[in-house]
Amino acid sequence: MQAMTKRAGVLALQGDFAAHAKLLARLDVEAVEVRRPDQLTGLSALMLPGGESTTMSLLLDSSGLREPLRALIAGGLPVLATCAGVILLADTLEGDHGSLPVTPLGLLHATVNRNAYGRQVNSFEARLRVDWPALGAAESAADFHGVFIRAPQIAKWRADVVPVAWEGPDVVAVRQDNIVAASFHPELTADPRFHAAVLNLAN
Ligand code: GLN
């Protein structure tokens, strides 16, 4: 029997969704760009990209995606949220919100400091330590290359949230059951291990 190609959604309202789609292609996964509620059917996983969270929050409402998306994730659909995606998933936001607030989905039991790492000019790259078994993946000796752009900080988290990646002493990615949230951008590397781990959660 021929294996069916997996389909993963990439929220494509704004931001670096094309980079997620490119990494999914490396894994032979069909990337479905999601802009309308009817595009949410038949997905094995969903990627929430980096970008600008205020814009994404507004477009979640105008597209009618907010409630169906929330229901799917609450129902257990595996999700990889990166950067702005983490802000969208949080239950609590703190720090400098700018003049335009975000209405988060409230699904990730964590407090996220939206612009904790500063502005665009403070962007940086760093070697990360990752607990792959905590992501349901096989141990890997290779470091992960973290790309941080106006990155949010996962400042506090509740008991059901498990840290899975660190930059020095700082937690930069967490897992809560079907949700994996990263302050950095795995989609801006050529390394598909985070995407593969999240797709595996669908099995
Ligand atoms: N801090 C940005 C925001 O508030 C997110 C940055 C990013 O996704 N690269 O939307």
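About the criteria used
- Residues numbered from 1 in each chain as written.
- Predicted model: local features only at pLDDT ≥ 70, side-chain atom pairs only at ≥ 80, totals over all residues.
- Heavy atoms only, no water.
- Phe/Tyr/Trp six-rings, centres within 6.5 Å; stacked < 30°, edge-to-face > 60°.
- Helix = DSSP H or I, 4+ residues; strand = E, 2+ residues; numbered from the N terminus.
- Buried < 20%, exposed > 50% of the residue type's maximum accessible area, 1.4 Å probe, protein only.
- Near = heavy atom within 4 Å.
- Polar contact = N/O pair within 3.5 Å; in protein donor to acceptor, adjacent residues only side chain to side chain.
- Areas by Shrake-Rupley, 256 points an atom, 1.4 Å probe, with all protein chains shown as cover.
- Nonpolar A, V, L, I, M, F, W, Y, C, P; charged D, E, K, R; others polar.
- Pairing = 2+ DSSP bridges.
- Axes fitted to C-alpha atoms, helices over the stretch in contact; angles between N-to-C directions.
- Contact = heavy atoms within 4.5 Å.
- Lys, Arg positive; Asp, Glu negative; His and termini not counted.
- Salt bridge = Lys/Arg side-chain N within 4 Å of Asp/Glu carboxyl O.

1. Looking at the packing of aromatic side chains
Link 1 in the chain: For the structure on display, the rule yields nine aromatic pairs.
Link 2 in the chain: Ring geometry for Trp132 versus Phe144: centroids 6.2 Å apart, planes at 55°, classification tilted. With Trp132 in the loop between strand E7 (124-130) and strand E8 (144-148) and Phe144 in strand E8, this pair connects stretches of sequence that are twelve residues apart. As far as the burial class goes, Trp132 and Phe144 line up, both buried.
Link 3 in the chain: Aromatic side chains Phe148 and Phe184 sit 5.7 Å apart centroid to centroid with 50° between the ring planes, which places their arrangement in the tilted category. In this pair, Phe148 sits in strand E8 while Phe184 sits in the loop between strand E12 (179-182) and helix H5 (193-200), placing the two residues 36 residues apart along the sequence.

2. Brief notes about unusual backbone geometry
Link 1 in the chain: Notably, Asp28 is not glycine yet its phi reads approximately 60°, a positive angle.
Link 2 in the chain: Although it is not a glycine, Asp177 adopts a positive phi angle of roughly 50°.
Link 3 in the chain: Looking at where Asp177 falls in the secondary structure, it is placed in the loop between strand E11 (170-176) and E12.
Link 4 in the chain: With a relative accessible area of 55%, Asp177 lands in the exposed category.

3. Here we look at the site of the ligand
Link 1 in the chain: The environment of the ligand is formed by Gly50, Gly51, Glu52, Ser53, Cys83, Ala84, Ile87, Arg114, Asn115, Ile149, Arg150 and His185.
Link 2 in the chain: Arg114 is positioned such that a nitrogen or oxygen atom in its side chain is 2.4 Å from an oxygen atom of the ligand.
Link 3 in the chain: When isolated, the ligand has an accessible area of 300 Å², and the protein chains bury 98% of it.
Link 4 in the chain: For the shell around the ligand, a count of residues per class yields four nonpolar, five polar and three charged.

4. Remarks on the sheet that holds E12
Link 1 in the chain: Overall, mixed pairing links the nine strands, which are arranged E2-E1-E3-E4-E12-E11-E10-E7-E8 in an open sheet. Looking at the sheet topology across the chains shown, the edges are occupied by strand E2 (30-34) and E8. When the angles between neighbouring strand axes are averaged without regard to direction, this sheet yields 25°.
Link 2 in the chain: Sheet strands in contact with H5 are strand E1 (7-11), strand E3 (45-48), strand E4 (79-82), E7, E8, strand E10 (162-167) and E12, and its direction is about 150° off that of E4.

5. A short note on the side chain of Asp16
Link 1 in the chain: If you trace the backbone, Asp16 turns up in the loop between E1 and helix H1 (17-26).
Link 2 in the chain: No salt bridge is formed by the buried Asp16; its nearest oppositely charged neighbour, Arg150, is found at 9.8 Å.
Link 3 in the chain: With sequence-adjacent residues up to four places away left out, Asp16 is seen in contact with Pro49, Gly50, His185, Glu187 and Leu188.

Worth remembering: the numbers are spatial, not functional.
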